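What follows is each chain in one-letter form.
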Amino acid sequence: MRLIRQNVMYSIQYFQKCVDFVFRTRNYSRRKLKKKTLFSSSNQESDSQATFYQNSVLTINANSREMRRFRRVYDYREILEHVDYSLGREYIEHANLNDPQVWSSLNEFKRNDLLGKPRTFYFEEIGRISPTTLRYIAVATDIRREFGNSKLTRIVEIGGGYGGQAAILRRLNMWDEYSIFDLPEVQDLIQRYLSFIGVGMINLPRINTVNSFEYDLVISNYAFSELPRKMQDEYLEKVILKARRGFMLMNSGKSNATGRSYGKISAEELHRIIPNLRELPEVPLTSPDNYLLVWQN
């Protein structure tokens with residue numbers, strides 16, 4: 001029965017990839033017409049702004065029907081909601097290696113999937129859940145592996161998506177105060193999402209007006225590495241170097257197999273700038289340019 005269920009999930013995954021291929025081809029044609037790219041080489045725009053992601057968030061915020069299903073909208077999923085069943089299984093295995101007791105909060109974790117109608121799959125060990133939620137759970141176990149289980153007074157995240165990582169860390173009682181830097185329209189979506197799923201209030205500051213704060217931990221799930229160099233320098237000065245600990249998944253700055261590293265800060269430079277910086281592999285590896293940076297001062 002277990003094998004049959006897995007084969008059914010793989011079949012569903014294959015069908016979804018075929019559907020996504022149609023949308024991906026459509027967006028490729030749209031980019032050609034609009035002279036847009038998948039990755040930004042601009043000094044002003046992030047990689048996500050080079051796609052149709054920003055406009056999709058504006059549409060989601062303006063339309064209650066789209067809000068109810070926003071994690072199904074392809075222009076949104078292209079950036080944030082593309083983890084499949086196979087990778088979800090790897091995240092379960094990774095979380096189990098880090099902290100098998102993490103699943104005691106499984107019912108709370110599943111609240112992340114109450115809004116947005118995400119693609120979910122049945123996993124024999126834990127039931128039906130979104131693979132993206134599994135990614136956030138695995139990241140949480142990585143953070144606890146690196147820095148322990150103690151609650152952190154002040155966490156800041158660079159690029160919060162819809163707030164999924166903040167919610168998982170809250171379910172694990174890992175923060176008192178949480179801030180997310182992102183585009184204003186994305187922050188609006190984050191606020192609505194977290195309110196709906198019952199997470200406490202968070203801060204939504206703007207980088208251009210931020211005051212000097214010190215943070216216990218800065219997190220970035222790829223977002224920092226997708227910013228243009230000018231903005232990366234600003235985040236380094238105002239946020240990253242103000243943090244006692246850091247956990248940043250990166251997809252630029254080393255090799256350039258995907259073409260994303262052009263115009264971004266290099267890992268070598270970051271090693272010179274951030275004290276006690278350590279470089280680790282991304283586990284599981286989701287793209288050839290990816291790696292993990294952590295530090296503790």
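For the structure, check the block above.
Residues numbered from 1 in each chain as written. Predicted model: local features only at pLDDT ≥ 70, side-chain atom pairs only at ≥ 80, totals over all residues. Heavy atoms only, no water.

A. A look at the pairing of strand 5 (residues 217–221). Extensive coverage of strand 5 is indicated by the burial of five of its five residues. In strand 5, alternate side chains face the same way, and those of Leu217, Ile219 and Asn221 on one face and Val218 and Ser220 on the other are all buried. By the bridge criterion, three bridges tie strand 3 (residues 152–158) to strand 5 in an arrangement that is parallel. When the sheet's bridge partners are listed, Val156 is paired in strand 5 with Val218. Pairing between strand 5 and strand 6 (residues 245–250): four bridges, direction parallel. When the sheet's bridge partners are listed, Ile219 is paired in strand 6 with Phe247. (Buried < 20%, exposed > 50% of the residue type's maximum accessible area, 1.4 Å probe, protein only. Helix = DSSP H or I, 4+ residues; strand = E, 2+ residues; numbered from the N terminus. Pairing = 2+ DSSP bridges.)

B. Inspection of the sheet that holds strand 4 (residues 175–181) at higher detail. In space, the six strands of this open sheet follow the order 4-3-5-6-8-7, with mixed pairing throughout. Of all the strands in the sheet, just strand 4 and strand 7 (278–280) have a single pairing partner and so form its edges. Averaged over all pairs of adjacent strands, the angle between strand axes in this sheet comes to 20°, irrespective of strand direction. On the sheet, helix 9 (residues 164–171) packs against strand 3, strand 4 and strand 5 and is oriented at approximately 175° with respect to strand 4. (Axes fitted to C-alpha atoms, helices over the stretch in contact; angles between N-to-C directions. Contact = heavy atoms within 4.5 Å.)

C. Broad picture of the packing of helix 3 (residues 53–62) against helix 10 (residues 184–197). The N-to-C vectors of helix 3 and helix 10 enclose an angle of 45°; their axes lie 9 Å apart at closest approach. As the angle between them shows, helix 3 and helix 10 are arranged oblique. Handedness of the crossing formed by helix 3 with helix 10: left-handed. Contacts between helix 3 and helix 10 pair Tyr53, Gln54, Val57, Leu58, Ile60 and Asn61 from the former with Glu185, Val186, Asp188, Leu189 and Arg192 from the latter. (Parallel < 35°, antiparallel > 145°, perpendicular 65-115°, else oblique. Left-handed = near helix turned anticlockwise from the far one by under 90°.)

D. The pattern of salt bridges, seen in detail. For the structure on display, the rule yields 25 salt bridges. Of the charged contacts, one joins Lys238 and Glu234 as a salt bridge, the two residues approaching to 2.9 Å between their closest N and O atoms. On the criterion of helical spacing, the pair formed by Lys238 and Glu234 is a turn pair, its members being four residues apart in helix 11 (residues 229–238). Judged by its relative accessible area of 25%, Glu234 is partly exposed. For Glu268, the salt bridge goes to Arg272, with nearest N and O atoms at 3.6 Å. One end of the pair, Glu268, and the other, Arg272, are both in helix 12 (residues 267–273), four residues apart, so they sit about a helical turn from each other. For Arg272, a relative accessible area of 61% gives the class exposed. What emerges from the salt-bridge pattern is a single network uniting Asp142, Arg145, Glu146 and Arg278. (Salt bridge = Lys/Arg side-chain N within 4 Å of Asp/Glu carboxyl O.)

E. Summary view of unusual backbone geometry. Looking along the chain, the bond that leaves Val283 and enters Pro284 is cis, with omega of -10°. Phi at Tyr222 is positive, roughly 80°, even though this residue is not glycine. With respect to the element layout, Tyr222 can be found in the loop between strand 5 and helix 11. Phi is positive for Asn276, which is not a glycine, with a value near 60°. Note on placement: Asn276 falls in the loop between helix 12 and strand 7. Residue Asn276 is classed as exposed on the basis of its relative accessible area of 52%.

F. Representation of the packing of helix 6 (residues 85–98) against helix 8 (residues 131–147) in the model. Two elements in contact, helix 6 and helix 8, have axes whose closest approach is 9 Å; the angle formed by their N-to-C orientations is 25°. Taken together, the axis directions place helix 6 and helix 8 in an arrangement best described as roughly parallel. Judged by the sense of rotation from one axis to the other, the crossing of helix 6 with helix 8 is left-handed. Of the residues in helix 8, those touching helix 6 at Tyr85, Leu87, Gly88, Tyr91, Ile92, His94, Ala95 and Asn98 are Pro131, Leu134, Arg135, Ala138, Thr141, Asp142 and Arg145.

G. Quick peek at a nonpolar patch on the surface. The grouping of Met1, Ile4, Val8 and Ile12 at the surface amounts to a nonpolar patch, some 390 Å² of accessible area in total. Turning to its location among the elements, Val8 is positioned in helix 1 (residues 2–34). (Patch = residues over 30% accessible without salt bridge, like charges linked within 9 Å, V, L, I, M, F, W, Y side chains within 5 Å. Areas by Shrake-Rupley, 256 points an atom, 1.4 Å probe, with all protein chains shown as cover.)

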